[in-house]
Amino acid sequence: MNLESFPRVRLGHTSTPLEAMARLSRQVGTNIYVKRDDCTGLALGGNKARKLDFLLGDALHRGADTVLTCGAMQSNHVRQTAAAAARLGLRCIVLLEQKFAALGEAYRVSGNALLNRIFGASVQVFPEGTDLAAQLLTAAEHVRAKGGRPYVIPVGGSNPVGTLGYIECAAEIVAQARAMRLRIDHVVHASGSAGTQVGLVLGFALQGANVPVLGVSVGASLGVQEQKVRTLAASTADWFALPSDILHAGSVEVDAAHVGSGYGHPTQAMHEALVLAARTEALLLDPVYTGKAMAALITHARSGRFRRDDNIVFVHTGGAPGLFGYVAAFDYLSAEPSSSLDQTKERSA
Ligand SMILES: *Cc1c(COP(=O)(O)O)cnc(C)c1O
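All of the points below concern the structure found in this document.

Procedures and definitions
- Residues numbered from 1 in each chain as written.
- Predicted model: local features only at pLDDT ≥ 70, side-chain atom pairs only at ≥ 80, totals over all residues.
- Heavy atoms only, no water.
- Salt bridge = Lys/Arg side-chain N within 4 Å of Asp/Glu carboxyl O.
- Buried < 20%, exposed > 50% of the residue type's maximum accessible area, 1.4 Å probe, protein only.
- Pairing = 2+ DSSP bridges.
- Helix = DSSP H or I, 4+ residues; strand = E, 2+ residues; numbered from the N terminus.
- Axes fitted to C-alpha atoms, helices over the stretch in contact; angles between N-to-C directions.
- Polar contact = N/O pair within 3.5 Å; in protein donor to acceptor, adjacent residues only side chain to side chain.
- Contact = heavy atoms within 4.5 Å.

### Things to note about the pattern of salt bridges
So, step 1. Evaluation of the coordinates by the stated rule reveals 12 salt bridges.
So, step 2. Here aspartate 38 ties to arginine 36 by a salt bridge, and the two come within 2.9 Å at their closest N and O atoms.
So, step 3. Taking relative accessible area as the criterion, aspartate 38 reaches 15% and is therefore assigned buried.
So, step 4. According to the relative accessible area criterion, arginine 36 is buried, its value standing at 14%.
So, step 5. Between arginine 50 and glutamate 172 there is a salt bridge; the shortest N-O distance is 2.9 Å.

Written out as structure tokens, the structure reads:
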């Protein structure tokens, strides 16, 4: 598959580094390497930059003048889409779902929500439970009725075109591992709308690289998330006419043990993983996605499934801007004066 043959715009800073995390590895008990997709540029980084390279390339190719998408109030995908549209001089309409009243005003106005407004996106907020995908089509009709040329990007940018971004990321990881003489035993990442997981799985398969990918569900139950990944993988393989045997039986692996109470709901294990990564490596995870994914990695290392001499590549998909929307979820830190930090020092001494 020749990625050069697809329309794209270069929005992100890729390739991103693949970095060894010695202090975190020592604490967790397995060798952790982080693929720094939190450093993709495009308005504070994250995995959506890679998808948007191809999605916005397609939008321009089709002559669109308005980009529409949707997500949670603190969606990183929405923030990076608003940024990409600003950069390309396109109008941007975003539909957001109001939720998590307990997180207070910061959730509604800070973090990604603030950035959407700074980028000049037209923001429409809907009550919890609204079918945003349906609203998106209605909004696109409005644009068309007024003579505009809409381009609709689904939630998370996860469709076959967006998936190209992570097919490319898999190729980057394979090349970097080869240059570092690194054997990769497992790739771990946060899985939401599934484009990242599908791109990685298809990308490694296309490289002929036998790299197991574990997608950590951040909201859906095991069965639902597996189905989401399989459905998008099938439509992507179909869309790009990939070999029909590209996926084998074990290609899709999902861990749904860290969902907690659901999408966007913090968990204790997420808090511990987030604080540990920050205090050992100054690596900023986020409460919705990467904190839960790192919690899963830690669980598998502690259970012995990931062994001490295994090399685990954690794909850091970004999300730190969301931290500022979640201030209320970190209130406990002021009641616990640096106890975790002391523990960390003790254990590594
Ligand atoms: C969107 C997002 C994910 C999930 O990626 P999908 O391709 O939707 O599965 C993971 N991490 C962060 C920070 C995200 O914003």
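### Digging into the sheet that holds strand β9 (residues 253-255)
So, step 1. Strand order in the open sheet made by the six strands is β1-β2-β10-β7-β8-β9, with mixed pairing throughout. The sheet terminates laterally at β1 (18-20) and β9, the two strands that pair on one side only. Neighbouring strand axes in the sheet, compared pairwise and without regard to direction, differ in orientation by 30° on average.
So, step 2. Where strand β8 (residues 213-217) lies against β9, three bridges are found, and the strand directions are parallel. By the bridge assignment for β9, valine 216 is matched with aspartate 255.

### A short note on the side chain of aspartate 286
So, step 1. Looking at the secondary structure, you find aspartate 286 in the loop between α10 (268-281) and α11 (290-302).
So, step 2. Among the polar contacts made by the side chain of aspartate 286, one reaches the main-chain amide nitrogen of tyrosine 289 at a distance of 2.9 Å.
So, step 3. Non-local contacts of aspartate 286, meaning those with residues more than four positions away in its chain, are made with Met270, Leu274, Gly291, Gly318, Gly319 and Ala320.

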